[in-house]
Amino acid sequence: MAFRSVFDGGALRTEFESAGISPHFVPLIWKYVLHNPGCDLSGVPSLPSAAYPLLSSKFRPLTSFLSSALDSNDRLTTKLLIRLQNGNSVEAVIMRYDTRQGKYDGKPRSGGPRSTLCVSSQVGCKMGCKFCATGTMGFKNNLSSGEIVEQLVHASRITHIRNVVFMGMGEPLNNYAALVEAIQIMTGFPFQLSPKKITVSTVGIIHAINKLPIDLPTVNLAVSLHAPDQDIRCQIMPAARAFPLGKLMDALQTYQKNTQQKVFVEYIMLDGVNDHEQHAHQLGKLLVTFKVVVNLIPFNPIGNSSCFRTSSEENVRTFQKVLRGVYNIRTTIRQEMGQDISGACGQLVVNLAEQRSAGGASILKDIEDLHI
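Per chain, residues are indexed from 1 in the order of the written sequence. For this predicted model, a pLDDT threshold of at least 70 governs which residues receive local features, and a threshold of 80 or more governs which side-chain atom pairs are given and counted, while totals over whole chains, interfaces and linings are taken from all residues. Side-chain numbers come from the whole structure's heavy atoms, not from hydrogens or water.

Novice: Quick one: what's the story with the overall build of the protein chain, residue by residue and with numbers?
Specialist: By the criteria applied, helices consist of DSSP H or I runs no shorter than four residues and strands consist of E runs no shorter than two, each listed in order from the N terminus. When helices and strands are counted, the protein chain shows 11 helices and 18 strands. The buried share among the 372 residues of the protein chain stands at 55%. For the protein chain, the accessible surface area stands at approximately 15700 Å², while carbon and sulfur atoms represent 49% of it. When accessible area is computed with a 1.4 Å probe and restricted to protein chains, residues below 20% of their type maximum are described as buried, those above 50% as exposed, and intermediate ones as partly exposed. The accessible surface values rely on the Shrake-Rupley method and a 1.4 Å probe; as for residues, cover is taken only from the protein chains in view.

Pasting the structure below:
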């Protein structure tokens, strides 16, 4: 029998309401589990007596476990391999920054050390982006809201998490209901993350983008654009055929009108494919009427089979200069982290066929990190 995670909030509340138990006890259970690793639900204090047999028969504190945590050489990145109860695994990545070391508008930035967690929403991915290792896995299954939140639980036991980015394995908007519920849990008690510190990345699932202003109005949206025209997008992102660029931009315009929020645009730099100066001008003209931040992402190798090469630093800087200087678009270059543990952008993939049954798994190349 498969048990549900107590962090599957909708399922737990439904069971409590059916049993006549107030759902206001649910966040108290979450707090207990968060602060008591390895606990048993019978130890949660002050619950109605009817809650204990219900919890023990249908739920577990966690349905996943942390198989391994690999630190990069500079200790700034930690890659988590998390084993699910169905035998599959996902990866999450902790990235540590000190915002005081950067500058904005030529001036020192305020702030201090912070940690961002990159979480997965699916095992594998249907999108098949040719520059991303996760697409080589194919699609295995959606994660439940509890399995998404459990990644935050595991990470929180390593370091305090301030930001969460849905840029791990999978297309978040293809697992929409679980995504929304997971974020609602993360922004409530006891996690209490600010919605403005959560970013959802998508290749451009238009019908789901249209729902975000209602369901997640203050969460950040990042769009994996990666090309300034439909032809190039389709070449490197086969799923783009279902989401024509013109219709995607119309959806983003409506989203921005309804939320009054900037949109983050992700753009991977592929040598000779989308990194010429003419592409920068095309992208600038496409985005000039939007409130956006463009994040240029150096391509990370995904093994010997990749047909892509990383753009030269000169091309990346020229691209940035065009967007900034000609079109006045704020443009950053992503700080690459975790390449030595295959925890950088586009590198996440779990080799499911080679997982070891003795509590471990073979880790190959990994997926997405973020610097906004």
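Novice: With reference to specific residues and values, describe the packing of aromatic side chains.
Specialist: In summary, the pairing rule links any two rings of Phe, Tyr or Trp, Trp by its six-membered ring, whose centres are within 6.5 Å, and it sorts them by plane angle into stacked for under 30 degrees, edge-to-face for over 60 and tilted for everything else. Applying the stated criterion across every chain yields a total of four aromatic pairs. Judged by centre distance (6.0 Å) and plane angle (50°), the rings of Phe-7 and Phe-191 are tilted. Placement of the pair is Phe-7 in the loop between β1 (4-5) and α1 (9-18) and Phe-191 in the loop between α5 (176-186) and β12 (198-202), with a sequence separation of 184 residues. Considered together, Phe-7 and Phe-191 belong to a single accessibility category, that of buried residues. Taking the centre distance of 5.0 Å and the plane angle of 35° together, the rings of Tyr-267 and Phe-319 count as tilted. Here Tyr-267, found in strand β14 (residues 263-269), pairs with Phe-319, found in helix α11 (residues 313-325); they are 52 residues apart in sequence, far enough to count as distant. Residues Tyr-267 and Phe-319 agree in their burial class; the two are buried. Residue placement shows Arg-60 over the ring face of Phe-3; its charged tip is 3.6 Å from the ring centre. Counted as over-ring charges are cases with an Arg CZ or a Lys NZ within 6 Å of the ring centre that also lie within 35 degrees of the ring normal. Sitting over the ring of Tyr-176, Lys-211 keeps its end group 4.2 Å from the ring centre.

Novice: Could you give an account of the pairing of strand β4 (residues 77-83), naming the residues involved and the relevant values?
Specialist: Of all seven residues in β4, seven are buried; the element is thus mostly enclosed. Side chains Thr-77, Lys-79, Leu-81 and Arg-83 of β4 all project onto a buried face; the interleaved residues Thr-78, Leu-80 and Ile-82 project onto the opposite face, where all are buried too. Only strands joined by at least two bridges in the DSSP assignment are considered to pair. Where strand β3 (residues 65-71) and β4 come together, six bridges link them in antiparallel fashion. Bridge pairing links Ser-68 to Leu-81 in β4. With antiparallel pairing between neighbouring strands as the criterion, β3 and β4 make up a hairpin whose turn holds five residues, including Arg-75 at a positive phi of roughly 65°. Bridge analysis of β4 against strand β5 (residues 89-98) gives seven bridges, and the strand direction is antiparallel. Paired with Arg-83 across the two strands is Ser-89, which belongs to β5.

Novice: Let's hear about the nonpolar core: which residues, and what values?
Specialist: Judged by nonpolar contacts, the single largest core of 105 residues is most densely connected at Val-6, Phe-16, Ile-29, Phe-131, Val-164, Phe-166 and Val-294. By residue number, the principal contributor to this core is α5, which donates eight residues. Contacts are assigned to residue pairs with any non-hydrogen atoms lying within 4.5 Å of each other. In this structure, Phe-16 is in contact with Ile-21, Ser-22, Phe-25, Val-26, Ile-29, Ala-51, Leu-54 and Leu-55, ignoring residues within four places of it in sequence. One finds Val-93, Cys-118, Ala-222 and Val-293 within the second-largest nonpolar core, a separate group that totals nine residues. In this description, a nonpolar core means a group of buried Ala, Val, Leu, Ile, Met, Phe, Trp, Tyr and Cys residues linked to one another through side-chain atoms lying within 4.5 Å.

Novice: So, α11: which residues are in play, and what are the values?
Specialist: Along its 13 residues, α11 runs 18 Å from first to last C-alpha, staying within 8% of the 18 Å computed at 1.5 Å per residue. Buried within α11 we find Val-316, Phe-319, Gln-320, Val-322 and Leu-323. For α11, the buried positions fall inside an angular range of 160° around the axis, keeping them on one side. Set apart from the buried face of α11 by more than 90 degrees, the exposed residues are Glu-313, Glu-314, Lys-321 and Gly-325. In the core, the buried residues of α11 are packed alongside β14, α10 (277-287), β15 (292-298) and β16 (330-333). The span you would expect from a helix comes to 1.5 Å times its residue count less one. The arc in question is formed by the directions pointing from the helix axis toward the C-beta atoms.

Novice: I'd like to hear about unusual backbone geometry, residue by residue, with values.
Specialist: For the peptide bond that leads from Phe-189 to Pro-190, omega is 10°, which places it in the cis range. Here Pro-190 shows up in the loop between α5 and β12. We note that His-226 has phi near 65°; this positive angle belongs to a residue other than glycine. By secondary structure assignment, the location of His-226 is in the loop between β13 (220-224) and α8 (230-236). Here Gln-260, not a glycine, exhibits a phi torsion of approximately 60°, which is positive.

Novice: An account of the sheet that holds strand β8 (residues 113-118) is requested, with residue identities and associated values reported.
Specialist: As summarised here, the arrangement of the 10 strands in space is β3-β4-β5-β8-β11-β12-β13-β14-β15-β16, forming an open sheet in which the pairing is mixed. Two strands in the sheet have a free side with no partner beyond their single neighbour: β3 and β16. Neighbour to neighbour, the strand axes of the sheet diverge by 20° on average, direction disregarded. Bridging between strand β11 (residues 163-166) and β12 involves three bridges; their strand directions are parallel. Angles shown run from 0 to 180 degrees and are taken between the N-to-C directions of axes, each axis being a line fitted to C-alpha atoms and, for helices, limited to the stretch in contact.

Novice: Describe the side chain of Asn-220, naming the residues involved and giving the relevant values.
Specialist: Structurally, the position occupied by Asn-220 is in strand β13. We classify Asn-220 as buried; its relative accessible area is 14%. From its side chain, Asn-220 meets the backbone oxygen of Lys-196 in a polar contact 2.8 Å long. Contact partners of Asn-220, with chain neighbours within four places excluded, come to Pro-195, Lys-196, Lys-197, Ile-198, Thr-199, Val-200, Gln-261 and Phe-264. Two N or O atoms form a polar contact when they lie within 3.5 Å of each other; inside protein one atom must be a possible hydrogen donor and the other a possible acceptor, and for residues adjacent in sequence the pair counts only when both atoms belong to side chains.

Novice: I'd love a proper account of a positive patch on the surface, names of residues and values included.
Specialist: Distance thresholds for patches are 9 Å for like charges and 5 Å for nonpolar side chains (Val, Leu, Ile, Met, Phe, Trp, Tyr), applied to residues having over 30% relative accessible area and no salt bridge. Should a side-chain nitrogen of Lys or Arg be within 4 Å of a carboxyl oxygen of Asp or Glu, the pair is scored as a salt bridge. In this charge count, Lys and Arg are treated as positive and Asp and Glu as negative; neither His nor the chain ends contribute. Taken as the charge centre is NZ of Lys, CZ of Arg, CG of Asp or CD of Glu, depending on the residue. The grouping of Lys-262, Lys-291, Arg-317, Arg-324 and Arg-330 at the surface amounts to a positive patch. Among the structural elements, Lys-291 can be located in the loop between α10 and β15. Residue class for Lys-291 comes out partly exposed when judged on its relative accessible area of 48%.

Novice: A description of the pattern of salt bridges should follow, citing residues and the corresponding values.
Specialist: Considering all chains together, one arrives at six salt bridges under this definition. The salt bridge involving Arg-309 is made with Asp-271; its shortest N-O contact spans 2.8 Å. Of this pair, Arg-309 sits in the loop between β15 and α11 while Asp-271 sits in the loop between β14 and α10, and the two are 38 residues apart along the sequence. The exposed category is assigned to Arg-309, whose relative accessible area is 55%.

In short, shape yes, function no, at least from these values alone.
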